[in-house]
Every structure is written in C-alpha cells, then in structure tokens.
Amino acid sequence: MSDSSEAVIVEVTHAARKRVEQLGPGAAAAVEELRAELEQTPTLGRRVRVLGDHAEVWVTRIEARADVPALSVTYVHLPHPAPPTAAIVSVVPDDGNTEGP
C-alpha cells in the first residue's frame, strides 16, 4: 500500500466554507484550487501537530491575488485507514506577520 499513489479525499468543513463565502468568490476559487491540489499532494505547507490515530494538522498559505488577500488554511490529514482523507477546517486572511523566530 503506497500513500503517495493513492488520491486523497478532501472536503471543506461547513464552518470553513461559511468563512470562505464571507471572503468572497476569489477566496472560494482559491480554496477550491487548493482542495484539488491536496487530493494529489496532501502534505502542503507545514505540519503543526500530530494527533492520535495518525491525524496530522497542517497549515498552508494561499498567496494574495488581485481579488483575494493572502489566506492561511488549516487542514487535518488522516492517511490511515484507507482511503486517505483530509478536511480543510479553517480559512483566514493571512496578515503576513507569521514569520516567527
């Protein structure tokens, strides 16, 4: 069984979808592009935590575009059991001040 060859099922939670709707159609398009990309590469950004049962919390950034500010996206990836899944749980504007020590 190879995780890298198996497509991941990726959904956007209700709460995250509501926030995206508030951010406008540009944000919705950007998040949908990210969702599709996560189906092929479910480990984008940086892993910030590992939870029980192999669940991993990841944060990635969508760069600013003409119609949407930069966005910080948090998602949970569960590689096991098959099929691997992920859920986008939070989408917020990224103020760009996340470069810590």
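Residues numbered from 1 in each chain as written. Predicted model: local features only at pLDDT ≥ 70, side-chain atom pairs only at ≥ 80, totals over all residues. Heavy atoms only, no water.

A. Quick look at the overall build of the chain. Looking only at helices and strands, one finds two helices and five strands in the chain. Ordered by position from N to C terminus, the α and β elements of the chain give β-α-α-β-β-β-β. In terms of C-alpha radius of gyration, the chain reaches 14 Å, essentially the compact-globule figure of 13 Å for 101 residues. In terms of its C-alpha atoms, the chain occupies a principal-axis envelope of roughly 40 × 35 × 20 Å. Within the chain, contacts between residues at least 6 apart in sequence are counted, and of these 44% link residues at least 24 apart. When the accessible area of the chain is evaluated, it comes to approximately 6100 Å², of which 52% is carbon and sulfur surface. Across the chain, the 9 positively charged side chains and the 15 negatively charged ones have centroids separated by 6 Å. (Helix = DSSP H or I, 4+ residues; strand = E, 2+ residues; numbered from the N terminus. Rg over C-alpha atoms; globule rule 2.2 N^0.38 Å. Contact = heavy atoms within 4.5 Å. Areas by Shrake-Rupley, 256 points an atom, 1.4 Å probe, with all protein chains shown as cover. Lys, Arg positive; Asp, Glu negative; His and termini not counted. Charge placed at Lys NZ, Arg CZ, Asp CG, Glu CD.)

B. The confidence of the model for the chain, seen in detail. The predicted model of the chain averages 90 in pLDDT, with 90% of residues at 70 or higher. Between the elements of the chain, mean pLDDT differs from a low of 95, seen in strand S2 (residues 46-50), to a high of 98, seen in strand S1 (residues 9-12). (pLDDT = per-residue confidence, 0-100.)

C. Fine view of unusual backbone geometry. Across the junction of histidine 80 and proline 81, the peptide omega takes the value 0°, indicating a cis bond. Of note, proline 81 is situated in the loop between strand S4 (71-78) and strand S5 (85-93). For the bond running from alanine 82 to proline 83, omega is -5°, close enough to zero to count as cis. Among the structural elements, proline 83 can be located in the loop between S4 and S5.

D. A look at the environment of lysine 18. Topologically, lysine 18 is positioned in helix H1 (residues 14-23). Counting along the chain gives 75 residues from lysine 18 to proline 93, while the straight-line C-alpha distance between them is 14 Å.

E. Layout of the pattern of salt bridges. Under the defined criterion, the tally for this structure stands at six salt bridges. A salt bridge links arginine 35 to glutamate 32; the shortest N-O distance between them is 2.8 Å. On the criterion of helical spacing, the pair formed by arginine 35 and glutamate 32 is a turn pair, its members being three residues apart in helix H2 (residues 25-40). The exposure class of glutamate 32 is partly exposed, given its relative accessible area of 39%. Between glutamate 33 and arginine 65 there is a salt bridge, and its shortest N-O distance comes to 2.8 Å. Of this pair, glutamate 33 sits in helix H2 while arginine 65 sits in the loop between strand S3 (56-62) and S4, placing them 32 residues apart in sequence. (Salt bridge = Lys/Arg side-chain N within 4 Å of Asp/Glu carboxyl O. Buried < 20%, exposed > 50% of the residue type's maximum accessible area, 1.4 Å probe, protein only.)

F. Layout of the packing of aromatic side chains. Here the structure, examined in full by the defined rule, presents one aromatic pair. With 6.4 Å between their ring centres and 15° between their planes, tryptophan 58 and tyrosine 75 make a pair best called stacked. Placement of tryptophan 58 in strand S3 and of tyrosine 75 in strand S4 is noted, with a sequence separation of 17 residues between them. Summarising the burial analysis for this pair, tryptophan 58 and tyrosine 75 share the class buried. (Phe/Tyr/Trp six-rings, centres within 6.5 Å; stacked < 30°, edge-to-face > 60°.)

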